[in-house]
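Coordinates in review
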Amino acid sequence: MDPILVLEQSLNGLQFGLMLFLLAAGLTLVFGIMDMINLAHGSLYMIGAYLAAAVAMATGSFWLAVAVAMGGTAVIGVVLEVTLLRRLYQRDHLHQVLATFALILMSNEAVRMIWGPTALALDPPPSLAGPVELLPGLYYPAFRLVIIGVGLLVAVLLYFLVSHTRLGMLVRAGASNREMARAMGVRVSLVFTIVFAIGAALCALAGAMLGPLFAVQVGMGESILILAFVVIVIGGIGSIRGALVGALLVGMVDTVGRTFLPMWLRAVLPPTVASNLGPALASVLIYVLMAGVLFWRPQGLFPARG
Amino acid sequence: MGALLEIGQLTAGYGATQVLFGIDLAVGEREVTTLLGRNGMGKTTTIRTLMGLARATGGTIRFRGERIDNLAPERIARMGLAVVPEGRQIFPNLSVEENLRAFAGNRCAAADPWTLDRVYAFLPRLQERRRNMGNQLSGGEQQMLAIGRALMTNPHLLILDEATEGLAPLVREDIWQCLHTLAAQGQAILVIDKYVTRLIALAHRHTIIERGRVVWSGTSAALDADHGVWHRYLGV
Ligand SMILES: Nc1ncnc2c1ncn2[C@@H]1O[C@H](COP(=O)(O)OP(=O)(O)OP(=O)(O)O)[C@@H](O)[C@H]1O
Ligand SMILES: [Mg+2]
């Protein structure tokens, strides 16, 4: 096997995994602390990407666009949480799924009304548009390296926030035993609004960073949302560390599987069978991974509840 | 002595099942009061209702003169009630030190409040284990931590629900020692436990409930004198 290709695909997997982590981090805390299934999490990712594309188009500055998208999406997230989602925490999961599914449809329609049905382009900063030679013969897009850097930086910051600050202690306490946290005087709903704002900002960051790689279009939030759910189920609901490990696993397995599984199949099967089976198998690989993890650890890799 | 906590004709339950049928209970400033009764009589339910974790369907709860029945638990806790709950409920994913620091505050505006250093001096075992996670502790250590965690909020009223349950005799002795020290410092305490003789030595007044109703209440001297009450309502 070509080592350059392996390295390149591993970097792609790492990069995709880290972006999945940005989405999964907020999702797992929302699910973990409030026992709330928020399907509209993917919509925040879409809204973030659209805000970034719009601001980049207007100002020409990618990084300004990222900042505005994060701030704007955090505000939208808080408004949503305070006015609507908060009413759903006490309801059962079916109600939450129905209501937040309605939110997906509404935000898709709103985005279509504002920005039209065609996909928007979001260009990376010109200085990062080209490739860098990492090793002799290994050229890798500079912008993808920046995505990896941003993802790692956020992972470190989140780790610090969760494990070394008082807010982090309260978040963990709320995730493991919400009732006891309240009985100790924690204003869990305030903590939760803050968590929600941070989660929304991270969605926007992921949307803005992935915008130049994927199209910024209506419906972009749904497919990635499913992956984010797979990530938090693998990692253990409510655990940031679990979200990171789960995201890297899913990112790697998905990316590497799509590239190499068809190649391996071609080596052992007739070409027509292999070319049909390869992509199909590759796309279910992460679900096989999830089933495997759940078989050995039904609570996920790092369950937050003791 | 003014009443710190006054519960009047409290009724509560779980869904359609009524568990409390009119509980009266008072705790004075600087006073230790017990809530006694056999298994399943509604002691924990009383505490949960008091803390806002279960709904009061009738009656009143006053704390320092204010109605607190059916307020949100975090509001009640912030007014200066802290509970050492049944089953300890230590946060497993927080270290010992984090379990203590996360909820710290001076809720009763004490001149000489509990701090991390004071709690460690009072419960030295916790200092040795400060870097361990909550789920790596023995039962006795968890119980110490639950007490330390409650003290760190500097509550007006400390509530303990079966704090000696399931502990080895020596460890149990440590807990009683802690409670005597706290009582001597004037900490108001509401305690649930089943060691009647120990409670008579520790507390000023006692309330016994049976199937959600108060069947006896009085001073330590009165309870000490009437072993018929022990036999009838406590099964000892
Ligand atoms: N979550 C619940 N749902 C329904 N019924 C409950 C619940 N918790 C307790 N009960 C019932 O309420 C009654 C009182 O229980 P409670 O826990 O208050 O008793 P207790 O006096 O604390 O007993 P113990 O000494 O066993 O701790 C019992 O009959 C119990 O079965
Ligand atoms: Mg009980």
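Structure first, text after, so check above.
We now turn to the structure provided with this report. Not measured: the values here are computed from a predicted model.

The rules we used
Residues numbered from 1 in each chain as written. Chains lettered and ligands numbered in written order. Predicted model: local features only at pLDDT ≥ 70, side-chain atom pairs only at ≥ 80, totals over all residues. Heavy atoms only, no water. Donors = N, O, S within 2.8 Å, 3.2 Å for Na, K, Ca; no water. Helix = DSSP H or I, 4+ residues; strand = E, 2+ residues; numbered from the N terminus. Buried < 20%, exposed > 50% of the residue type's maximum accessible area, 1.4 Å probe, protein only. Pairing = 2+ DSSP bridges. Contact = heavy atoms within 4.5 Å.

1. Details of the coordination of the magnesium ion (ligand 2)
Residues and elements named next belong to chain B. On the protein side, the magnesium ion (ligand 2) has T44 (OG1) and E86 (OE) as donor atoms, found 1.9 to 2.2 Å from it. Highlighted residues: T44 in helix 1 (residues 43-50) and E86 in the loop between strand 6 (81-84) and helix 3 (96-101), separated in sequence by 42 residues. What makes E86 partly exposed here is its relative accessible area of 37%.

2. Things to note about the pairing of strand 9 (residues 205-210) of chain B
Residues and elements named next belong to chain B. Taking burial as the measure, the six residues of strand 9 include five buried ones, the bulk of the element. Pairing geometry for strand 3 (residues 32-36) and strand 9, over four bridges, is parallel. Across the sheet, the residue bridging to L35 is T207, located in strand 9. Here six bridges tie strand 9 to strand 10 (residues 213-219), and the two strands are oriented antiparallel to one another. What sits directly across from R205, in strand 10, is T219. A loop of two residues connects strand 9 with strand 10, the two strands running antiparallel in sequence, and R211 in this loop sits at a positive phi of about 40°.

3. Details of helix 6 (residues 166-176) of chain A
Where burial is concerned, most of helix 6 of chain A is hidden: nine out of the eleven residues are buried. Within the sequence span of helix 6 of chain A, burial applies to G168, M169, L170, V171, R172, A173, G174, A175 and S176 of chain A. Those residues of helix 6 of chain A hidden inside the fold are in contact with helix 1 (3-34), helix 5 (142-164), helix 7 (178-183) and helix 8 (188-210) of chain A together with helix 3 of chain B.

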